[in-house]
Amino acid sequence: ARFTATTSGEAVSLTWETASETNNAGFEVERAVGEGAFERIGFEPGAGTTSAPRTYRFTDGDLPFASALRYRLRQVDVDGAFEYSSEVEVALTPTRFALELGGANPFRAATTLRYALPEGGPVTLTVYDVLGRRVATLVDGEKAAGRHTATFDGRRLASGAYFVRLQSGDRVQTRRVQLVR
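1. Thoughts on the pairing of strand E4 (residues 39–50)
Turning to step 1, where the next piece is worked out: Here strand E3 (residues 21–33) runs beside E4; their pairing, made up of eight bridges, is antiparallel. By the bridge assignment, asparagine 24 is partnered in E4 with glycine 48.

2. Focus on the sheet that holds strand E2 (residues 11–18)
Turning to step 1, where the next piece is worked out: Ordered by their spatial adjacency, three strands build an open sheet running E1-E2-E5, and the pairing between neighbours is antiparallel. Two strands close off the open sheet at either side, each with one partner strand: strand E1 (2–8) and strand E5 (54–60). Averaged over neighbouring strand pairs, the angle between their axes works out to 15 degrees when direction is ignored.
Turning to step 2, where the next piece is worked out: Sheet topology places E1 next to E2; seven bridges connect them, and they run antiparallel. What sits directly across from serine 8, in E2, is alanine 11.

3. Some thoughts on the pattern of salt bridges
Close approach of charged atoms allows side chains of opposite charge to pair.
Turning to step 1, where the next piece is worked out: Summed over the entire model, instances satisfying the criterion amount to 11 salt bridges.
Turning to step 2, where the next piece is worked out: In this structure, the salt-bridge partner of glutamate 100 is arginine 96, at a minimum N-O distance of 3.8 Å.
Turning to step 3, where the next piece is worked out: By relative accessible area, glutamate 100 is classed as partly exposed at 24%.
Turning to step 4, where the next piece is worked out: Relative accessible area serves as the criterion here: at 48%, arginine 96 is assigned to the partly exposed category.
Turning to step 5, where the next piece is worked out: A single network of salt bridges, built from pairs that share partners, joins Glu28, Arg40 and Arg74.

4. Let's talk about the packing of aromatic side chains
Turning to step 1, where the next piece is worked out: Inspection of every chain in the model, using the stated rule, returns seven aromatic pairs.
Turning to step 2, where the next piece is worked out: Ring geometry for phenylalanine 3 against tryptophan 16: centres 6.1 Å apart, planes inclined by 85 degrees, an arrangement best described as edge-to-face. Of the two residues, phenylalanine 3 is situated in strand E1 and tryptophan 16 in strand E2; the sequence distance between them amounts to 13 residues. Side by side, phenylalanine 3 and tryptophan 16 carry an identical accessibility label, which is buried.
Turning to step 3, where the next piece is worked out: Members of the aromatic cluster, joined through ring pairs, are Phe3, Trp16, Phe27 and Tyr56.
Turning to step 4, where the next piece is worked out: We note arginine 72 situated over the ring of phenylalanine 38; from NZ or CZ to the ring centre the distance is 4.1 Å.
Turning to step 5, where the next piece is worked out: If you follow arginine 72 out to its NZ or CZ, it ends over the ring of tyrosine 84, 4.0 Å from the centre.

5. As for unusual backbone geometry
Turning to step 1, where the next piece is worked out: The step from asparagine 105 to proline 106 runs through a cis peptide bond, and the omega angle for that step is 10 degrees.
Turning to step 2, where the next piece is worked out: Backbone geometry at asparagine 23 places phi at a positive 55 degrees, although glycine is not the residue there.
Turning to step 3, where the next piece is worked out: Among the structural elements, asparagine 23 can be located in strand E3.
Turning to step 4, where the next piece is worked out: For asparagine 23, a relative accessible area of 40% corresponds to the partly exposed category.

Procedures and definitions
Residues numbered from 1 in each chain as written. Predicted model: local features only at pLDDT ≥ 70, side-chain atom pairs only at ≥ 80, totals over all residues. Heavy atoms only, no water. Pairing = 2+ DSSP bridges. Helix = DSSP H or I, 4+ residues; strand = E, 2+ residues; numbered from the N terminus. Axes fitted to C-alpha atoms, helices over the stretch in contact; angles between N-to-C directions. Salt bridge = Lys/Arg side-chain N within 4 Å of Asp/Glu carboxyl O. Buried < 20%, exposed > 50% of the residue type's maximum accessible area, 1.4 Å probe, protein only. Phe/Tyr/Trp six-rings, centres within 6.5 Å; stacked < 30°, edge-to-face > 60°. Lys NZ or Arg CZ within 6 Å of the ring centre and 35° of its normal.

In structure tokens, the structure reads:
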């Protein structure tokens, strides 16, 4: 009868209602990142056969690093027949400022850096060597609130430790990465 998704902090709450159920084994909860493929993330048992309305809830607390997620339900009958619900989409706005290493560390040639901005504004993402010399500027400009990625390509640099510094307004975070050959 109804299917909704809402964000609460770093989780997404799904709620759906049925007007009645006939031989309902349950609901597979599926999630897709952006325009990607759906994958099963949970299961909620159904009520079997009932003419009474029911409300179901599922919390997705293990969110991937994404700006938007899509959800759908795969309602499965006891005989294995199934039907998909309509899709719902939710935009994710981070609640905390963060710089994360999205790729391997240590890394050989390049690695992905992920950062989250709870509010938009000017952003710089720079890389320094152990002597404090800037060796790369990955981002320098306005960014909207949300989750972003950047690639640090170290193919022209020597093996060793480097420091990645994210700054937005008065917020700063630094992470150490190790380039190996």
